[in-house]
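Topology and contacts: notes
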Amino acid sequence: MTRSIRIIAFGICVVSLFLSTSLRAQHKKSNWMQDKKEHTARWRVGVGFDVLEPSGINVQFYRLSKICTSDFSITKKMAIGTWVGEEGFLMGSIIDNQNKLDWKKGSLRYGLDIKFYIPIILNPYIGIGAEGGNRSLNGEEKFQPDVIGRLGIEQKILGIKLSTSSSLNITLFVDAKINKSINADFMYIMPSGGIRFHWL
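In this numbering scheme, every chain counts its residues from 1 along its sequence in written order. Owing to the predicted nature of the model, reporting of local features is limited to residues with pLDDT of at least 70; listing and counting of side-chain atom pairs is limited to 80 or more, with chain, interface and lining totals taken over all residues. To obtain the side-chain values, all non-hydrogen atoms of the structure were used and water was disregarded.

1. Some words on the sheet that holds strand β7 (residues 134-137)
Stated formally: What makes two strands pair is DSSP finding at least two bridges between them. Think of it this way: any DSSP run of H or I at least four residues long counts as a helix, any run of E at least two long counts as a strand, and we number them from the N terminus.
Within the open sheet, the three strands sit side by side as β4-β7-β8. Their pairing is antiparallel. At either margin of the open sheet sits one strand with a lone partner, and together these are β4 (103-104) and β8 (140-143). With two bridges joining them, β4 and β7 adopt antiparallel strand pairing. Among the inter-strand pairings, Trp103 is bridged to a residue of β7, identified as Leu137.

Dropping the structure here:
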């Protein structure tokens, strides 16, 4: 009888230990899934420089497509970007050659766009947006709003781990950008590119 009681008590202890371990594992898994969801859903900020076009600075608010691995790689899902710069600073002759109107470079342009990324190698994206600012055409300078489109890639070129949970990533982006003026017969297709800094 005593032996049976001991066997039953031992069995209860084993079952209790198994259930306790399973519950802890499930709780840990739930916490990990929650952390992963929060990690990818959070909006982040990147700051960079546009070599062209226009040449200036940009700020991007973006979301990751998946949780970062140990190398803190950048794989974006979508981004909202804004920029300000000088139109035609480096390659004004290419813009001029694409238009019949007398265009003068040096206008300050600013814009806003949204990009949708494909989570594969080189992180390709497509973007649409709008750009504004004064532009000099045929000797008359006035506000010229543009519709813009982009097709490009963005790839990490350098990553610096700052701590066990944060890093600084630098990406290179290159795209084809089309500008079409809304209120004038003015349009151009230009290469665009630059670098961007991300703190994860």
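Now that the structure has been shown, the text picks up again.
2. Some words on the packing of aromatic side chains
Rule in force here: Any Phe, Tyr or Trp ring, taking Trp's six-membered ring, that has another such ring centre within 6.5 Å forms a pair; planes under 30 degrees apart are called stacked, those over 60 apart edge-to-face, and the others tilted. Two conditions define a charge sitting above a ring: the NZ of Lys or the CZ of Arg must be within 6 Å of the ring centre, and it must be within 35 degrees of the ring normal.
This structure, assessed with the given rule, holds four aromatic pairs. These aromatic residues form a ring-pair network of at least three members: Trp103, Phe186 and Tyr188. Over the face of the ring belonging to Tyr125 we find Lys115, whose NZ or CZ atom lies 5.9 Å from the ring centre. Of note, Arg196 hangs over the ring of Phe173, and the distance from its end group to the ring centre comes to 4.2 Å.

3. Observations concerning the nonpolar core
Just so we agree on the cut-off: We define the nonpolar core as a collection of buried residues of types Ala, Val, Leu, Ile, Met, Phe, Trp, Tyr and Cys that are connected through side-chain atoms lying within 4.5 Å of one another. For each residue, the accessible area found with a 1.4 Å probe, counting protein chains only, is set against the maximum for its type, and the residue is called buried under 20%, exposed over 50%, and partly exposed in between. Residues are treated as being in contact if the distance between any of their heavy atoms lies within 4.5 Å.
Counting eight residues, the largest nonpolar core is built from Tyr62, Leu64, Ile74, Ala79, Tyr117, Tyr125, Phe173 and Leu200. Sequence-distant contacts of Tyr125, defined by excluding residues within four places in its chain, comprise Lys115, Phe116, Tyr117, Arg150, Leu151, Gly152, Ile153, Glu154, Phe173, Val174 and Asp175. Formed by seven residues, the second largest nonpolar core is a distinct cluster that contains Ile95, Trp103, Ala184 and Phe186.

4. Observations concerning the sheet that holds strand β10 (residues 167-181)
Heads up, the condition is: The axes used here are C-alpha line fits, helices contributing only the stretch in contact, and every angle between their N-to-C directions lies in the interval 0 to 180 degrees.
If you trace the eight strands once around the closed barrel, you get β1-β2-β3-β5-β6-β9-β10-β11, paired in antiparallel fashion. Averaged over neighbouring strand pairs, the angle between their axes works out to 25° when direction is ignored.

5. Brief notes about the environment of Arg109
Note the following rule: Polar contacts, as used here, are pairs of N or O atoms within 3.5 Å; protein pairs need one atom able to donate a hydrogen and one able to accept it. Residues neighboring in sequence count only if both atoms are side-chain atoms.
Among the secondary structure elements, Arg109 is positioned in strand β5 (residues 108-117). Taking C-alpha positions, Arg109 is 9.3 Å from Gln144, a pair spaced 35 residues apart along the chain. When residues no more than four places from it in sequence are discounted, the contact partners of Arg109 are Pro54, Trp83, Val84, Gly85, Glu87, Glu131, Gly132, Gly133, Asn134, Arg135, Gln144 and Asp146. Engagement of the side chain of Arg109 in a polar contact is seen with the backbone oxygen of Gln144, the distance being 2.9 Å.

6. A look at unusual backbone geometry
Here Leu52 and Glu53 are connected by a cis peptide whose omega angle stands at 0°. If you trace the backbone, Glu53 turns up in the loop between β1 (44-52) and β2 (55-64). The omega angle of the peptide bond from Glu53 to Pro54 is 5°, so this bond is cis rather than trans. Looking at the secondary structure, you find Pro54 in the loop between β1 and β2.

7. Here we look at the pairing of β1
Sheet analysis places β1 next to β2, joined by seven bridges and oriented antiparallel. Counterpart to Gly48 in the pairing with β2 is Asn58. Counted between consecutive antiparallel strands, the loop separating β1 from β2 contains two residues. Note that β1 and strand β11 (residues 187-199) share six bridges and pair antiparallel. Opposite Val47, over in β11, you have Phe197 as the bridge partner.

8. Side note on the confidence of the model for the protein chain
Selection criterion: pLDDT is a residue-level measure of predictor confidence that goes from 0 to 100.
Per-residue pLDDT for the protein chain has a mean of 80; in total, 74% of the residues score no lower than 70. The model gives residues 25-33 a pLDDT under 50, and that stretch makes zero contacts with residues more than four places away or in other chains.

9. Overview of the side chain of Ser181
Inspection of the secondary structure assignment puts Ser181 in strand β10. Separated by 2.8 Å, the side chains of Ser181 and Gln144 make a polar contact. A distance of 3.3 Å separates a polar atom in the side chain of Ser181 from a polar atom in the side chain of Asn183. Apart from residues no more than four positions distant in its own chain, Ser181 is found in contact with Arg135, Gln144, Pro145, Asp146 and Phe186.

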